[in-house]
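Report on the structure
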Amino acid sequence: MRQPFRRLMLALGCVLALAAGASAQTLRIGLAEDPDVLDPTLARSFVGRIVFSALCDKLFDIDEKLDIVPQLAASYQWSPDNKALTIKLRDGVVFHDGEKMDAAAVKFSLERHKTMPGSNRRGELAPLSSVDVVDPLTVRLNLSAPFSPLLAQLADRAGMIVSPKAAQAEGDKFGAKPVCAGPFRFVERVAQDRIVLERFPNYWDKANVHFERIVYLPIPDSTVRLANLRSGQLDFIERLAPSDVAQVKGDTRFKLTKITEIGYQGITINVGKSDLAQKNPLGRDPRVREAFELALDRDGIVQVVMDGEADPGNQWVADTNTFYAKNVPMPKRNVERAKALLKEAGVTNPSFTLMTPTTADAQRIAQVVQAMAREAGFDVKIQSTEFATSLDLADKGQFDAYVLAWSGRADPDGNIFSFDACKQPLNYAGYCKPDVDDLLKRSRTTLDTNERRKLYADLAAIVLKDRPIVYLYHRHWLWAYTNKLDGLRAIPDGLVRVTGLRFR
Amino acid sequence: MTAYLVRRIATIVPTLVFASILIFALQQLLPGDPAMVLAGEERDPAVIAHLRETLHLDQPFPVRYLYWVRGVVHGDLGESLRMQQPVRTLIAEKLPVTLELACIAIVIALAIGIPAGVVSAVRRGSGWDYGANVVALWGLSTPNFWLGIMLILLFSVTLGWLPASGYVSPFDDWRANLAAMIMPAFVLGNAIAAVLMRHTRSAMLQVLSSDYVRTARAKGVRERDVILKHALRNALIPIITLGALEFGTLLSGAVLTEQVFTIPGFGKLIVDAVFNRDFAVVQGVVLFTATAYIVLNLVADILYAVANPRMRVG
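Here we summarise the structure given alongside this text. The model shown is predicted, which means the values in this text are computed figures rather than measured ones. Throughout this description, residue numbers start from 1 for each chain and increase along the sequence as written. Here the convention is simple: chains get letters from A, ligands get numbers from 1, in the order in which they are written. Residues qualify for local features only when their pLDDT is at least 70, as the model is predicted, and side-chain atom pairs are given and counted only at 80 or more; totals for whole chains, interfaces and linings, by contrast, use all residues. Values reported for side chains reflect all heavy atoms of the structure, with hydrogen atoms and water molecules removed beforehand.

On to the interface of chain A and chain B. Facing the 48 residues of chain A at the interface are 48 residues of chain B. By convention, the term buried area covers the 1.4 Å-probe accessible surface removed from two parts as they join, with the contributions of both added. Roughly 4100 Å² is buried in total at the junction of chain A and chain B, and carbon and sulfur atoms are behind 54% of that figure. For the chain A face of the interface with chain B, the top three residues by lost area are Arg-44, Ala-191 and Gln-192 of chain A, together amounting to 17%. Salt bridge criterion: a side-chain nitrogen from Lys or Arg within 4 Å of a carboxyl oxygen from Asp or Glu. Where chain A packs against chain B, one counts two salt bridges. Note that Glu-79 of chain B is salt-bridged to Lys-173 of chain A, the shortest N-O span being 3.2 Å. For the purposes of these results, a polar contact is taken to be a pair of N or O atoms within 3.5 Å, where, inside protein, one atom must be able to donate a hydrogen and its partner to accept one; residues adjacent in sequence count only when each atom of the pair is a side-chain atom. Our count for the chain A to chain B interface comes out at eleven residue pairs in polar contact (both at pLDDT 80 or more). Strands here mean DSSP runs of E at least two residues long; helices mean DSSP runs of H or I at least four residues long; both are numbered from the N terminus. Taken together, the elements giving at least two residues each to the side of chain A that touches chain B come down to helix 1 (2-19), helix 6 (222-230) and helix 14 (387-395) of chain A. Its residues assigned to classes, the side of chain A that touches chain B comprises 20 nonpolar, eleven polar and 17 charged. Between two residues, a contact is recorded if the distance between any of their heavy atoms is within 4.5 Å. Under the grouping applied here, Gly and all other residues not named as nonpolar or charged are polar, the nonpolar ones being Ala, Val, Leu, Ile, Met, Phe, Trp, Tyr, Cys and Pro and the charged ones Asp, Glu, Lys and Arg.

Put into structure tokens, the structure is as follows:
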């Protein structure tokens, strides 16, 4: 009897809080989608990571410059052969259920990520072979081979530590009542309606938590999301539509933050996924792909598709990233050269189908690309396909070219390995070259940043010439929020960090 | 009457079986691999393999169907893989919301549609008639999502009278509930009112020109009684069917309206489920709505029989 009553009271409380409007202690965030399951091991959506950043602390985090900073970790050290990472944990950290966050909990969580059926973290932690508890506050992660993206992985869901007691008790239902060590703890979730979190009084950095509650409200329509902000029912919205930027800028009640994403928007070309690749000049001949890229004006695409709210880009990372390969700068549009290349390749009026998901910006990309490529002699046929179907077709290689975006990972490896290494799950292009594979593997086993930079420059020289993906731009994360909100940190992963946030 | 009822109810069983096969088969025809969609951005092959096994996607079609039916017969509609909640719980959570929205919408539709239809039939060719027709045409041709956004901009953003979106349970705060429901219910009711108005008008016109109405008038029955008691009651039969069907449509999800106003009802549930290939949810919700539809049709048939004794025999 007691449980339902408590739940009723909690529900009542938060509903009243919602109805009462702007309670100074509640931060109401409008999300663009409804998150999937709130279990760090099973979770798979971008939007879920926004909620996790308030709910589940990670061993590490990334900062504004994409540098790795400790979170639940206090410090770390690589072994001389780079095959073991020893992490000292922050002392005195407890989970939301009062259990201690210690080495045993870290071992449990990492092993759960590795072994739980259906885990989406297994691939991210593939080289992790075992975890040793050195002492209550020290763990050692043993790797089968050096793995440079490991820290970045541990700064995302793979580094989220869950309460072993709760995880064992709830099993695969843990996501319905997640228990972690973040600044806010889980209160309730009504699917497609709201997720309510409340301040965790025993948080290790409680001085930086200034809200009693956070309510996440998924509102898919960007116009309605903005209307809710303007009518005062939300304090913060993520993913403002680029076309609404001017409206928000013109209103003194609101502030706007723009961050260049760590992901990209691009066009994947079938260069070897199926027989179709050989049947089409675009997939068959790198010169035709070069001509295609030269026919495109990235600045124009960004203007038309994104209202200027993106940075044109020609690589898997933006040019501000430390791993951007300066040896392959962004080519300028050159229709004459494109025509000459087509002539050289012996094809006149090459024709191909550009498959695109039905989202508005993907559709616009297809239309602009079609118009630009036509000037160089390309005949582009647009095939709008519902997203799930398009993925299926891409996976089966039933496409010539495909408009596809990637949300990005903090380490460049997350933006290229799975796309360009042979037979990887996201390699829809069907690209496979032994020297590229070798460079990709070496970039994973090299921990030195300068050396990795060189490897990525070598990779860029090959991959950007072969063009399995023609990169177009890096979108801006657009956040609009009440001007009363202070302390917002613009981290390029597009996830809202709630510590430090407060109302003026 | 009893025999009629029994016969009517007996036809439900084969209809439901057929509907369940259709729902399941159509779902399988959807292009796109559900395991791949559910595996998220990374699409780890191990995860995909695990999902295939969980969803029985590695089994042939009839086996999968039997798995599902076995669950349904035991009251288990399966579990949403995306949200990790039993479909039954999701339906129980969303149904009252959609039901409330549908009820308010249908009340609005009836309150506008029937009087408007009666007036425009009785005052045929007058300004009232043309006015009502223009309004009906407007109601029919205005897209729900556009009207919704316009209402939000007017009443929430500009005037600040009503919340822009969201849902509050009436048991928690009935005022907040009503404030949240009035705009979406009006948007939905507006479109249905137009349909009801046009049907009421044509049914009334037909009835008003019939012999018994002339007889009633000749007998000296008051015009008000002629219209309300003699004409409207007879004209109501097609309106009842239409009302029941429209109500059924509302239950199956006022998809766009719920999306615009972020009402966590059936429409949102099913749209998200289709795009995410959350098969169990789609099947469960569609089966539930199909059943609701069939039952509503039955209720309409029974109401016919009540309104028109001749039908009890047939």
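Residues and elements named next belong to chain A. Strands pair, by our definition, only if DSSP identifies at least two bridges between them. In spatial order, the strands read 4-5-7-6; together these four strands make up an open sheet with antiparallel pairing. Each of the sheet's edge strands pairs with one partner strand only, and the pair in question is strand 4 (73-78) and strand 6 (128-135). Adjacent strand axes in the sheet meet at a mean angle of 20 degrees, parallel and antiparallel pairs treated alike. Two elements, strand 6 and strand 7 (residues 138-143), share six bridges in a ladder whose sense is antiparallel. Bridging from a neighbouring strand, Val-133 pairs with Val-139 of strand 7. Helix-sheet contacts for helix 3 (residues 103-115) involve strand 5 (84-89), strand 6 and strand 7, and the interaxial angle to strand 6 is about 170 degrees. Axes here refer to lines fitted to C-alpha atoms; in helices the fit is confined to the stretch in contact. Angles between the N-to-C directions go from 0 to 180 degrees.

Moving on: the state of the cysteines. Residue and element names in this part refer to chain A. The disulfide definition used here is simple: a pair of cysteine sulfur atoms within 2.5 Å. Scanning the model with the defined rule gives two disulfides over all chains in all. A sulfur-sulfur separation of 2.1 Å characterises the disulfide bridge that pairs Cys-56 with Cys-180. Linking Cys-56 and Cys-180, the disulfide has an S-S dihedral of approximately 50 degrees and is accordingly described as right-handed. Taken together, the residues Cys-56 in the loop between helix 2 (46-55) and strand 2 (60-62) and Cys-180 in the loop between helix 5 (164-170) and strand 8 (184-190) connect sequence positions 124 residues apart. To sort residues, take the accessible area from a 1.4 Å probe on protein chains only and compare it with the maximum for the residue type: under 20% means buried, over 50% means exposed, and anything in between is partly exposed. Owing to a relative accessible area of 1%, Cys-56 belongs among the buried residues under this scheme. Residue classification places Cys-180 among the buried residues on the basis of a relative accessible area of 0%. Each sulfur in the disulfide pair Cys-422 and Cys-432 lies 1.9 Å from the other. Its S-S torsion of about 95 degrees marks the bond between Cys-422 and Cys-432 as right-handed, since a negative value means left-handed. Remark: Cys-432 occurs in the loop between helix 15 (413-420) and helix 16 (434-445) and Cys-422 occurs in the loop between helix 15 and helix 16; sequence separation between them is ten residues. Owing to a relative accessible area of 18%, Cys-422 belongs among the buried residues under this scheme. Counting only the cysteines that form disulfides, in the order they appear in chain A, gives the pairing 1-2, 3-4.

Within the secondary structure, Asn-427 of chain A is located in the loop between helix 15 and helix 16. What Asn-427 of chain A contacts, discounting residues up to four positions off in sequence, is Lys-273, Ser-418, Phe-419, Asp-420, Ala-421 and Cys-422 of chain A.

The subject of this paragraph is the environment of Ala-39 of chain B. Summarising the element assignment, Ala-39 of chain B is placed in the loop between helix 3 (34-38) and helix 4 (45-54). Along the primary structure Ala-39 of chain B and Ser-210 of chain B are separated by 171 residues, whereas in three dimensions their C-alpha atoms are 64 Å apart. Residue contacts for Ala-39 of chain B: discarding those within four places in its chain leaves Arg-44 and Asn-120 of chain A together with Val-47, Ile-48 and Leu-51 of chain B.

All right, on to the packing of aromatic side chains then. Here the distance between the centres and the angle between the planes together describe a pair of aromatic rings. Aromatic pairing here means that ring centres of Phe, Tyr or Trp (its six-membered ring) are within 6.5 Å. Orientation follows from the plane angle: under 30 degrees is stacked, over 60 is edge-to-face, and everything else is tilted. Tallied over the entire structure, the rule returns 21 aromatic pairs over all chains. Relative to Phe-61 of chain B, the ring of Phe-24 of chain B lies with its centre 5.4 Å away and its plane at 55 degrees, an arrangement referred to as tilted. One end of the pair, Phe-24 of chain B, is in helix 2 (residues 12-29); the other, Phe-61 of chain B, is in helix 5 (residues 61-73), and 37 residues separate them in sequence. The class of Phe-61 of chain B is partly exposed, set by a relative accessible area of 33%. Here the aromatic cluster, defined as three or more aromatic residues joined through ring pairs, consists of Tyr-264, Trp-316, Trp-406, Phe-419 and Tyr-471 of chain A. Either the NZ atom of lysine or the CZ atom of arginine qualifies as a charge over a ring when it sits within 6 Å of the ring centre and within 35 degrees of the ring normal. Lying over the aromatic face of Phe-503 of chain A, Lys-484 of chain A brings its terminal NZ or CZ to 5.6 Å of the ring centre.

All names here are of chain A. What helix 6 keeps buried is the set Val-224, Arg-225, Leu-226, Ala-227, Asn-228 and Leu-229. Between a side-chain oxygen at the N-terminus of helix 6 and the backbone nitrogen of Thr-223 the separation is 2.9 Å; the capping residue is Asp-221. One or two residues past the end of helix 6 sits Gly-232, with phi positive at roughly 85 degrees.

Moving on, we get to the pairing of strand 8 of chain A. Residues and elements named next belong to chain A. Among the seven residues of strand 8, six are classified as buried, and the element is accordingly described as predominantly covered. By the bridge criterion, six bridges tie strand 8 to strand 9 (residues 194-199) in an arrangement that is antiparallel. Along strand 9, the bridge assignment pairs Phe-186 with Leu-197. Here strand 8 hands over to strand 9 after three residues, with Gln-192 in that stretch at a positive phi of 65 degrees.

Together, Phe-18, Leu-22, Leu-26 and Leu-29 of chain B make up an exposed nonpolar region whose accessible area comes to about 450 Å². Secondary-structure assignment places Leu-26 of chain B in helix 2. Patch members must show over 30% relative accessible area and no salt bridge, and they are joined within 9 Å when carrying like charges or within 5 Å when they are nonpolar side chains of Val, Leu, Ile, Met, Phe, Trp or Tyr. Only the protein chains shown count as cover for residues, and the accessible areas themselves come from Shrake-Rupley with a 1.4 Å probe.

All names here are of chain A. Of all 14 residues making up strand 18 (residues 469-482), 14 are buried, and the element is well covered by its neighbours. Pairing of strand 11 (residues 236-237) with strand 18, which is carried by two bridges, proceeds in the antiparallel orientation. Bridge pairing in strand 18 links Ile-237 to Ala-480. The pairing of strand 12 (residues 254-260) with strand 18 spans seven bridges and is classified as antiparallel. Paired with Leu-256 across the strands is Ala-480, a residue of strand 18.

Every α-helix winds through 3.6 residues per turn, so residues three or four apart in the chain are directed the same way. The span you would expect from a helix comes to 1.5 Å times its residue count less one. For helix 6 (residues 87-122) of chain B, which comprises 36 residues, the first-to-last C-alpha distance of 49 Å matches the rise-based estimate of 52 Å (1.5 Å per residue) to within 8%. Most pronounced at Lys-94 of chain B, the bend in helix 6 of chain B amounts to some 30 degrees, and the proline Pro-96 of chain B follows within four residues. In this analysis the local bend is the angle between axes fitted, respectively, to the seven residues ending at and the seven residues starting at the residue.

On to unusual backbone geometry. Residue and element names in this part refer to chain A. Even without being a glycine, Asn-82 presents a positive backbone phi close to 60 degrees. Relative to the helices and strands, Asn-82 resides in the loop between strand 4 and strand 5. The phi angle at Gln-192 is positive, at roughly 65 degrees, despite the residue not being glycine. The topology assignment puts Gln-192 in the loop between strand 8 and strand 9.

Let's shift gears to the nonpolar core. A general feature of soluble globular proteins is that nonpolar side chains tend to end up buried together. Residue and element names in this part refer to chain A. Only buried residues count toward a nonpolar core. Its members are Ala, Val, Leu, Ile, Met, Phe, Trp, Tyr and Cys residues joined through side-chain atoms within 4.5 Å. Of all hydrophobic cores here, the largest spans 82 residues; its most connected members are Phe-292, Trp-316 and Phe-378. Apart from the residues within four sequence positions on either side, Phe-292 is in contact with Ile-267, Ile-269, Leu-282, Phe-352, Val-369, Ala-373, Phe-378 and Val-470. Ile-29, Leu-66, Met-101 and Met-160 belong to the second-largest nonpolar core, a separate cluster that totals 73 residues.

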